[in-house]
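Results of the structural survey
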Amino acid sequence: MNQDDPKKCTALKLVRLGLVKKISLRQVSKNALLLNPMSTEIICKTDAKHLNSGLVVIDCSWKEEIGIKFNSNGFIQVDDKMQTNVSNVFAIGDVVGPPWLAHKAYMQGRKLAYHIAKIPANIQIKNIPYAVYTEPEIASVGLTEESALEQKYDIRVGKFQFAANARALTSDDGKGFAKVVVDNSTHKVLGVHIVGKNASELISEGVLGLNIGMKIEDIESSIHPHPTLTEALFEAALVSLDKSVHSFIKKSKSE
Ligand SMILES: Cc1cc2nc3c(=O)[nH]c(=O)nc-3n(C[C@H](O)[C@H](O)[C@H](O)COP(=O)(O)OP(=O)(O)OC[C@H]3O[C@@H](n4cnc5c(N)ncnc54)[C@H](O)[C@@H]3O)c2cc1C
């Protein structure tokens, strides 16, 4: 196998990772390649000159040919194992619907790869964060205040301005805030929203927290290094519990 060809490298990597045991290629159609996980083969659906390729792709243009079901919005229908209605045909990423994000596609790919390799893994495609790389950055995971109220949650909210965060001020960038949305009855964190410097980096604490069913007291009891931007989320947690000493705003109940 020629390792200079990126497509062939993909195939080689799959073998090296033990995700497929054997790569079997055959010509079926044009311009697409499929992974056959059950027989641990890669089936090549492409023209003869690409027969050695190992890229795993579904070409939507021949959906009728293989009978893949699409939903009413035009996305490939998959189950929680990323399997389509056609046995041994899987799909991940943008083709299976929103959110159209690289990290969601990657996680779905990992989930599928483990499934194919029969490696036990508890990968759930939930609590997908998004980040907007504007100035200031915007990042969010979980329920917003509005969506939590729509879902009839009784919530408490904590919001802390970066204008009162030491690290933001030493960087001369005190724009934005960190905000937590918390279930008032269980104190579980429902959502984390950050606008400000490095929001895309800071959101991961919220993602981890939501994944493990974190309570707001878990943030409160975790020491955040000083001076860092991470303290804004810590302080937002304190605001939601009416325990903040650094915030201008002490109101926690949502209106
Ligand atoms: C301008 C732009 C900016 C973005 N910024 C972000 C961002 O900041 N963060 C983020 O999370 N997401 C971002 N996204 C979205 C992100 O790129 C996609 O959600 C992600 O790439 C989806 O992964 P995928 O594997 O489903 O599809 P893709 O990454 O599009 O991969 C599909 C691959 O299949 C190949 N292909 C298609 N048809 C065939 C065929 N018939 N035969 C062989 N190969 C084929 C394509 O060439 C491509 O390489 C951005 C998207 C765009 C367009």
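Within each chain, residues carry numbers counting from 1 in the order of the written sequence. Predicted model: local features are reported for residues with pLDDT of at least 70 only, side-chain atom pairs are reported and counted for 80 or more only, and whole-chain, interface and lining totals are derived from all residues.

**A short note on helix α8 (residues 231–240)**
- Our exposure labels follow a C-beta count within 10 Å of each residue's own C-beta, placed from the backbone: buried means 20 or more other C-beta atoms, exposed means 12 or fewer, and partly exposed covers the counts in between. Helix and strand labels come from DSSP, where a helix needs a run of H or I of at least four residues and a strand needs a run of E of at least two; each type is numbered from the N terminus. A large share of α8 lies buried, amounting to ten of its ten residues.
- Here α8 has its buried residues at Glu 231, Ala 232, Leu 233, Phe 234, Glu 235, Ala 236, Ala 237, Leu 238, Val 239 and Ser 240.
- Once α8 ends, the next one or two residues include Asp 242, with phi positive near 55 degrees.

**Focus: the pairing of strand β4 (residues 137–142)**
- Most of β4 is tucked away: five of the six residues are buried.
- As paired elements, strand β3 (residues 130–132) and β4 share three bridges and run antiparallel to each other. Counterpart to Ala 131 in the pairing with β4 is Ala 139.
- In short, DSSP must find at least two bridges between two strands for them to pair. In textbook terms, the turn of a hairpin is the stretch between consecutive antiparallel strands, and for β3 and β4 this stretch comprises four residues.
- By the bridge criterion, six bridges tie β4 to strand β7 (residues 189–196) in an arrangement that is antiparallel. Across the sheet, Ala 139 pairs through a bridge with Ile 194, a residue of β7.

**Some words on the environment of Ala 131**
- Along the chain, Ala 131 falls in strand β3.
- Residues in contact with Ala 131, not counting those within four places in the same chain, are Glu 137, Ala 139, Ala 199, Ser 200 and Ile 203. We call two residues in contact if the C-beta atoms placed from their backbones are at most 7 Å apart.

**Points about helix α6 (residues 199–211)**
- The span you would expect from a helix comes to 1.5 Å times its residue count less one. Taking 1.5 Å as the rise per residue, α6 with 13 residues should run 18 Å; its terminal C-alpha atoms sit 19 Å apart, in good agreement.
- Restricting attention to buried positions, one finds in α6 the residues Ala 199, Leu 202, Ile 203, Glu 205, Gly 206, Gly 209 and Leu 210.
- The inward-facing, buried residues of α6 contact β3, β4, β7, α7 (216–220) and α8.
- The positive-phi residue at the C-terminal boundary of α6 is Gly 213, with phi of around 65 degrees.

**Focus on the environment of Asn 73**
- With respect to the secondary-structure elements, Asn 73 resides in the loop between α2 (63–66) and α3 (102–117).
- Taking the C-beta count within 10 Å as the criterion, Asn 73 has 7 such neighbours and is therefore assigned exposed.
- In sequence terms Asn 73 and Val 96 are 23 residues apart; their C-alpha atoms lie 9.9 Å from each other.

**Quick notes on the confidence of the model for the protein chain**
- pLDDT expresses how confident the predictor is about each individual residue, on a scale running from 0 to 100. Overall, the prediction assigns the protein chain a mean pLDDT of 80, with 71% of residues at 70 or greater.
- Note that residues 1–9 has pLDDT below 50 and, in this model, 13 contacts with residues that lie over four places away or in other chains.
- Considering only residues more than four positions removed or in separate chains, one finds that residues 24–33, a stretch of pLDDT under 50, has 35 contacts.

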